[in-house]
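Chain and residue survey
Each chain, letter by letter, is given below.
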Amino acid sequence: MGICTWLVLGGIAGWLASIIKGTNARMGMFANIATGIVGAMIGGWVFSLMGGTGVTGFNLWSLLVATVGSVILITIVQAIRK
C-alpha cells in the first residue's frame, strides 16, 4: 500500500474509532489519521496473535482491523489520562 492509501485508510479507521469511543468532538483530522495508522499496526499485531491476518490492502477487512486497533489505542490513551 502506498502512503496515500495509508492516509485514507488511517483517516477513516481513526474517525470510525473516535465515533465509537465518543471522542470525535475532541479529535481533528490529523489526530484521526495518526490514530488510524497506529491503530492499524496494533490491530494487525492483535489479529496475528489470534491467528488471523492484519492489514492486507485497501479493503473492508483492513478497515476492520485498523478500526479495532484504533479503538484499542483510544481506550489505552483514555485509561492513561484518567
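These figures come from a predicted structure and were not determined experimentally.

Now for the UniProt feature "transmembrane region" (unreviewed entry) in the protein. If you check UniProt for "transmembrane region" (unreviewed entry), the listed places come out as residues 6–23, 30–48 and 60–80 in our numbering. Secondary structure content for residues 30–48 is 100% helix and 0% strand, while the C-alpha to C-alpha distance between its ends is 27 Å. The span residues 60–80 is 100% helical and 0% strand by assignment, and the distance between its end C-alpha atoms comes to 30 Å.

Before going further, it helps to spend a moment on the packing of helix H1 (residues 3–21) against helix H2 (residues 29–49). Where H1 contacts H2, the two axes come as close as 6 Å, and the packing angle between them is 100 degrees. Relative to H2, H1 is oriented roughly perpendicular. Touching Trp6, Leu7, Gly10, Gly11, Ala13, Gly14, Trp15 and Ser18 of H1 are Asn32, Ile33, Gly36, Ile37 and Ala40, all from H2. Here the residues of the contact of H1 with H2 are counted per class, giving seven nonpolar, six polar and no charged.

The subject of this paragraph is the side chain of Ser18. Mapped onto the fold, Ser18 is located in helix H1. A polar contact of 3.3 Å, which involves the side chain of Ser18, links it to the side chain of Asn24. Beyond its immediate stretch of four places on either side in the chain, Ser18 contacts Thr23, Asn24, Met27, Asn32 and Ile74.

We now examine the side chain of Thr35. Residue position: Thr35 is located in helix H2. Residues within four places of Thr35 in sequence aside, it is in contact with Met27, Ser70, Leu73 and Ile74.

So, about the packing of H2 against helix H3 (residues 60–81). Interaxial distance between H2 and H3 falls to 6 Å at its minimum, and their mutual angle equals 100 degrees. One way to sum up the angle between H2 and H3 is to call them roughly perpendicular. Note on element contacts: H3 touches H2 through Trp61, Val65, Ala66, Val68, Gly69, Ser70, Ile72, Leu73 and Ile74, opposite Thr35, Gly36, Val38, Gly39, Ala40, Ile42, Gly43, Gly44, Val46 and Phe47. Taken together, the residues that form the contact of H2 with H3 break down as 12 nonpolar, seven polar and no charged.

Calculation criteria
Residues numbered from 1 in each chain as written. Predicted model: local features only at pLDDT ≥ 70, side-chain atom pairs only at ≥ 80, totals over all residues. Heavy atoms only, no water. UniProt positions renumbered as here; feature names shortened; annotations may be inferred. Helix = DSSP H or I, 4+ residues; strand = E, 2+ residues; numbered from the N terminus. Axes fitted to C-alpha atoms, helices over the stretch in contact; angles between N-to-C directions. Parallel < 35°, antiparallel > 145°, perpendicular 65-115°, else oblique. Contact = heavy atoms within 4.5 Å. Nonpolar A, V, L, I, M, F, W, Y, C, P; charged D, E, K, R; others polar. Polar contact = N/O pair within 3.5 Å; in protein donor to acceptor, adjacent residues only side chain to side chain.

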